[in-house]
Amino acid sequence: GSAQARARGWVSPPRPASMPTQKDDEILPLPCVPETRVAEVDHAYLERLTKRLKALDLRFPDACEEQLFKRGLELDLLRWMLLGSTLVAVCTLFNSIVTFGPELFNDHHNMLDLSDVRNQVFFTQLGLWTFVPSVLGVLIALRLSRDMFCNWNWEAVVTGTMMYGSVVIVVGQLFHLTVMFGGDPSELWRNDVSCSAEAWVLLGLNSMTTAAAFFLPLRSIMTWTVPVLGLMTYTLMKVSVEDDGEVAQILVKTLLLVVLSYLAWHGAARTEKHLRTEWRGQRGGRGGFAP
């Protein structure tokens, strides 16, 4: 046997002394990765993630330089916001007259009856859509004409107002307000407000994101809060108030809004990057900060 096998050259090469032998009923342990190696991999991944997140932050390293850039955008920001708040207040008044006129402004309806769901919806929507824009418009007008409130952080004020608007677009919609006040929209209103609710909400959220990204000179470090809060409010409202059970449709619509919001934010960030380069060049040409 073994002598003949050795004579014919069929014997396998000798096993190294360091290689362990395995019995039939024995399971050899798997080779373990040292903990230091795992820590190195995790640290490298965190470093790459940190670099990517820092690349999204377009702010200048110098805080004074960043403050000057921010102050340079303030006047244009206030002018655009004054125009927007005025349009919102005027359009809301016009829409309220057209929408609520046939229902409320007649001899058979008591406008002072606050137990009526229609009156509750009317006054709530009027307050949500006109009070804040009107107050903001007055403050901005005083800032531009009288140089009042110059020490305010107007970028934060405008961003907060835009975030408020993204919530009101969803919550302050006629159909949603009627449901939240315990009424049936199909019975309280002559027109079918449920069929147009979805379209108006999606259009409003898209308009709010577009305005914050392309028309208002807000820094990208601030604009992302507007679509994120709007998406959260929209998803919460779809799940809690409407509860139509169409989970797949909710996911598709939410995903579509996420994609549109990201594209708008990414485009605004690219525009801001070029604007910062031009601004630095102008400052350097005037003896300020060099690029």
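Residues numbered from 1 in each chain as written. Predicted model: local features only at pLDDT ≥ 70, side-chain atom pairs only at ≥ 80, totals over all residues. Heavy atoms only, no water.

## Observations regarding the confidence of the model for the chain
Then step 1. On average, the chain scores 79 in pLDDT, and the residues at 70 or more come to 77%.
Then step 2. With pLDDT under 50 throughout, residues 287–291 is counted as low confidence; its partners more than four residues away or in other chains account for 10 contacts. (pLDDT = per-residue confidence, 0-100. Contact = heavy atoms within 4.5 Å.)

## Details of the packing of helix α5 (residues 117–146) against helix α6 (residues 154–171)
The relative placement of two packed helices comes down to the angle between their axes together with the axis-to-axis distance.
Then step 1. Direction vectors running N to C along α5 and α6 enclose 165°, while the axes themselves pass 11 Å from each other. In terms of orientation, α5 and α6 fall into the roughly antiparallel class. For the crossing formed where α5 meets α6, the hand is left-handed. Residues L128, W129, V132, L136, L139, I140 and R143 of α5 form the contact with α6, whose own contacting residues are W154, V157, T161, Y164, V168 and I169. (Axes fitted to C-alpha atoms, helices over the stretch in contact; angles between N-to-C directions. Helix = DSSP H or I, 4+ residues; strand = E, 2+ residues; numbered from the N terminus. Parallel < 35°, antiparallel > 145°, perpendicular 65-115°, else oblique. Left-handed = near helix turned anticlockwise from the far one by under 90°.)

## Focus on the environment of V258
Then step 1. Take V258: it is sitting in helix α12 (residues 247–285).
Then step 2. For V258, a relative accessible area of 37% corresponds to the partly exposed category. (Buried < 20%, exposed > 50% of the residue type's maximum accessible area, 1.4 Å probe, protein only.)

## Things to note about the side chain of K70
Then step 1. Structurally, the position occupied by K70 is in helix α3 (residues 63–72).
Then step 2. Salt bridges are absent for the buried K70, whose nearest opposite-charge side chain, E155, sits at 4.0 Å.
Then step 3. In contact with K70, other than residues within four places in its own chain, are N153, E155 and R219. (Lys, Arg positive; Asp, Glu negative; His and termini not counted. Salt bridge = Lys/Arg side-chain N within 4 Å of Asp/Glu carboxyl O.)

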